[in-house]
Amino acid sequence: MSTSATPPLQPFAIRFGADNATLEPQGPTLQRRMSDLEGLFADRRAWEQAVADGDPVVYTVVSSPVPETARELPQSITTIFPGDTGGEFWMTKGHQHPDPQGEIYLGLEGHGGLLLFDGERAEWLDISPGVIGYIPPGWAHRSVNVGDEPYRFLAVYPGSAGHDYGWVLTHGMGLRARRSADRVELVPFGTPAGTAGPTARSH
Ligand code: S6P
Ligand code: ZN
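Parameters and conventions
- Residues numbered from 1 in each chain as written.
- Chains lettered and ligands numbered in written order.
- Predicted model: local features only at pLDDT ≥ 70, side-chain atom pairs only at ≥ 80, totals over all residues.
- UniProt positions renumbered as here; feature names shortened; annotations may be inferred.
- Helix = DSSP H or I, 4+ residues; strand = E, 2+ residues; numbered from the N terminus.
- Buried ≥ 20, exposed ≤ 12 C-beta atoms within 10 Å, placed from the backbone.
- Contact = placed C-beta atoms within 7 Å.
- Pairing = 2+ DSSP bridges.
- Axes fitted to C-alpha atoms, helices over the stretch in contact; angles between N-to-C directions.
- Near = placed C-beta within 6 Å.
- Nonpolar A, V, L, I, M, F, W, Y, C, P; charged D, E, K, R; others polar.
- Core = buried A, V, L, I, M, F, W, Y, C linked by C-beta atoms within 7 Å.

As recorded by an unreviewed UniProt entry, the protein carries the name glucose-6-phosphate isomerase and is attributed to Plantactinospora soyae. Checking UniProt for the protein, the heading Sequence similarities (unreviewed entry) contains the comment "Belongs to the archaeal-type GPI family." Listed in UniProt under the heading Catalytic activity (unreviewed entry), the comment for the protein reads: "alpha-D-glucose 6-phosphate = beta-D-fructose 6-phosphate".

Following this line, the structure appears as structure tokens:
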């Protein structure tokens, strides 16, 4: 199965293939290349260079066949590859749920962060294998790979939640995650790349 199933669904099991992040049965899949992430990295010139230098795949999302419709509970596996652009760790686009419902992430492989922003306050959760991150209703969320290996996590979310990507372009995400020696440095969202602001903090 490679598309979403049509309700009413019958009970069924989904097998996760840990080696290559497959789901069986499997639903829709997508990959986001660097060119899909326009306007998201602070250093636009570095982003343009990365697009010109081969436009790498930054992350993939593999979904189960459970549809994104009301009352269903879809799941997906996101894999973010390691890297940084202008010092900013590779990340997902980030989105807000138009229907403000919660979501959970479970770390599967690698080391990442879950950046949450409610429009005023930003929070950062370290996610490693076995850690569950809770996204409360109304918090935009972006995932970041802060390690040297692929970072992979399971997401489970209400089918009616939806994805508003424009919200992040308008409001930002409060913080950015930058590579700093062997640390993750969280800097204010508006700080130009390469110049950590006075309120920067390390993790
Ligand atoms: C969906 C859930 C995830 C993300 C995925 C990619 O609610 O949060 O499946 O869609 O991690 O991130 P994004 O921001 O490109 O949708
Ligand atoms: Zn979400």
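On we go.
*Asks:* For this particular structure, what's the right way to read the overall build of the protein?
*Replies:* For the protein, the count of helices and strands is two helices and 16 strands. Along the longest, intermediate and shortest principal axes, the C-alpha atoms of the protein span 55 × 35 × 30 Å. Relative to its full complement of 203 residues, the protein shows a buried share of 33%. Sequence-distant contacts in the protein: of pairs separated by 6 or more residues, those separated by 24 or more amount to 68%.

*Asks:* Quick question: what am I supposed to make of the sheet that holds strand E12 (residues 140-145) here?
*Replies:* Backbone hydrogen bonds hold the strands of a sheet together, and the pairing may be parallel or antiparallel. In spatial order, the strands read E10-E9-E12; together these three strands make up an open sheet with antiparallel pairing. The sheet is open, and its two edges are formed by strand E10 (122-127) and E12, each paired on a single side. Here the strands of the sheet are splayed against their neighbours by 20° on average, with no regard to which way each runs. Two strands pair when backbone bridges link them, and strand E9 (residues 112-117) and E10 are joined in this way by six bridges, in the antiparallel orientation.

*Asks:* Help me understand the site of ligand 1, please; the structure alone is not making it clear to me.
*Replies:* Neighbouring residues of ligand 1: 14 residues in total, closest Ser-76, Thr-78, Thr-92, Lys-93 and Ala-155. When residues of the shell around ligand 1 are traced back to their parent elements, those giving at least two are strand E5 (75-80) and E12. Residue composition of the shell around ligand 1, by class: four nonpolar, eight polar and two charged.

*Asks:* Where do I start with the UniProt feature "domain: Glucose-6-phosphate isomerase prokaryote" (unreviewed entry) in the protein in this structure?
*Replies:* Under the UniProt annotation, "domain: Glucose-6-phosphate isomerase prokaryote" (unreviewed entry) lies at residues 31-174. Between the end C-alpha atoms of residues 31-174 the distance is 25 Å, and the span holds 10% helix and 38% strand.

*Asks:* Looking at this structure, I do not really get the sheet that holds E5. What am I missing?
*Replies:* Strand order in the open sheet made by the six strands is E3-E4-E5-E13-E8-E11, with antiparallel pairing throughout. With one partner strand each, in any of the chains shown, strand E3 (29-33) and strand E11 (132-135) form the two edges of the open sheet. Sheet twist, expressed as the average angle between the axes of neighbouring strands with direction ignored, equals 20°. As paired elements, strand E8 (residues 103-109) and E11 share four bridges and run antiparallel to each other. Note that in E11 the partner of Tyr-105 across the bridge is Gly-133.

*Asks:* Sorry if this is basic, but what is going on with the nonpolar core here?
*Replies:* Nonpolar side chains tend to gather and get buried jointly when the protein is soluble and globular. Ranked by size, the top nonpolar core spans 34 residues in total, and within it Leu-115 and Ala-177 carry the most contacts. If you tally residues by element for this core, the top one is E9, at four residues. When sequence neighbours within four positions are dropped, the list of residues in contact with Ala-177 reads Glu-88, Phe-89, Gly-113, Leu-115, Val-144, Val-146, Val-184 and Leu-186.

*Asks:* Mind showing me how you'd approach the environment of Gly-27 here?
*Replies:* Locating Gly-27 in the fold gives a position in the loop between strand E2 (22-24) and E3. Overall, the presence of 21 C-beta atoms within 10 Å leaves Gly-27 in the buried class. Distance in space between the C-alpha atoms of Gly-27 and Pro-67 is 8.6 Å, their sequence separation being 40 residues.

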